[in-house]
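Close look at the chain arrangement
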Amino acid sequence: IFGYAINETKECLPLPYMMATKALLKLRELNHGELRQDAKAQVTIDYSDTGIKIDTFLLSTQHTENITQSEIHDIVSQIMMDVADEYRLNKDFKILVNPTGRFVIGGSFSDCGVTGRKIIADSYGGYAKHGGGAYSGKDYTKVDRSAAYMARYIAKHLLKRYGFQYCELQLAYA
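Described below are features of the structure shown in this document. The model shown is predicted, which means the values in this text are computed figures rather than measured ones.

**Details of the nonpolar core**
One recurring pattern in soluble globular proteins is that nonpolar side chains are buried together. In this structure, Met19, Ile54 and Phe57 are the most contacted members of the largest nonpolar core, which totals 27 residues. Of all the secondary-structure elements, those providing two or more residues to this core are α1 (15-30), β2 (35-48), β3 (51-63) and α2 (69-86). Per-element accounting of this core gives the leading share, eight residues, to α2. Apart from residues lying up to four places away in sequence, Phe57 is in contact with Met19, Ala23, Gln42, Val43, Met80, Val83, Phe93, Lys94, Ile95 and Leu96. In this structure, Ala5, Ala151, Ala155 and Cys167 belong to the second largest nonpolar core, which totals seven residues.

Now the structure itself:
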């Protein structure tokens with residue numbers, strides 16, 4: 001089981017992960033009548049010697065049959081800009097909105113099952129190692145979930161206590 005924490009956001013989570021999460025929260029808060037619950041986001045950041053820059057911002061959202069891709073693009077791209085503003089980052093990034101096309105059917109009807117969701121989406125967004133177990137749909141007594149939460153707690157504690165830039169730790173259970 002791996003725990004990870006990084007000092008680039010107040011949540012001690014990777015910047016791209018937090019930006020994607022914030023965009024999804026803003027989309028939910030918007031509660032637009034033509035947009036549905038299922039949505040996914042990904043932010044690609046370019047870390048270079050000259051600074052941090054958003055390269056690509058992707059957001060796919062389920063929607064009704066009544067809305068056009070252009071209308072969805074207008075709604076979602078504004079959310080992306082708001083998130084970029086919140087983090088004081090550039091707005092000249094590539095915008096991808098529903099890049100695979102219309103997304104009318106969502107949820108478990110289009111993605112089979114909900115137990116054992118994509119572990120990367122539940123952990124650090126592909127930024128750090130994970131243990132391979134699932135959090136979602138697991139009883140809290142299962143090590144997949146409880147140990148992952150404890151590893152994250154320890155990593156975050158060590159990061160703050162010792163002023164690390166990042167902290168990754170590994171725990172083993174039998």
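**Some thoughts on the environment of Tyr4**
Within the secondary structure, Tyr4 is located in strand β1 (residues 2-6). Taking the C-alpha atoms as reference, Tyr4 lies 6.6 Å from Leu169; in sequence the two are 165 residues apart.

**Quick look at the packing of aromatic side chains**
Evaluated as defined, the whole model comprises three aromatic pairs. Seen in terms of ring centroids, Phe57 and Phe93 are 5.7 Å apart; in terms of plane orientation they differ by 45 degrees. Their pairing is tilted. Taken together, the residues span a long stretch of sequence, with Phe57 in strand β3 and Phe93 in the loop between α2 and β4 (94-97) at a distance of 36 residues. The residues Phe57 and Phe93 share a single accessibility class, namely buried. Ring geometry for Tyr162 versus Phe164: centroids 5.7 Å apart, planes at 25 degrees, classification stacked. When its relative accessible area of 51% is taken as the criterion, Tyr162 is described as exposed. A residue is classified by how much of its surface remains accessible, and Phe164, at 34% relative accessible area, is partly exposed.

The rules behind the values
Residues numbered from 1 in each chain as written. Predicted model: local features only at pLDDT ≥ 70, side-chain atom pairs only at ≥ 80, totals over all residues. Heavy atoms only, no water. Core = buried A, V, L, I, M, F, W, Y, C linked by side-chain atoms within 4.5 Å. Buried < 20%, exposed > 50% of the residue type's maximum accessible area, 1.4 Å probe, protein only. Helix = DSSP H or I, 4+ residues; strand = E, 2+ residues; numbered from the N terminus. Contact = heavy atoms within 4.5 Å. Phe/Tyr/Trp six-rings, centres within 6.5 Å; stacked < 30°, edge-to-face > 60°.

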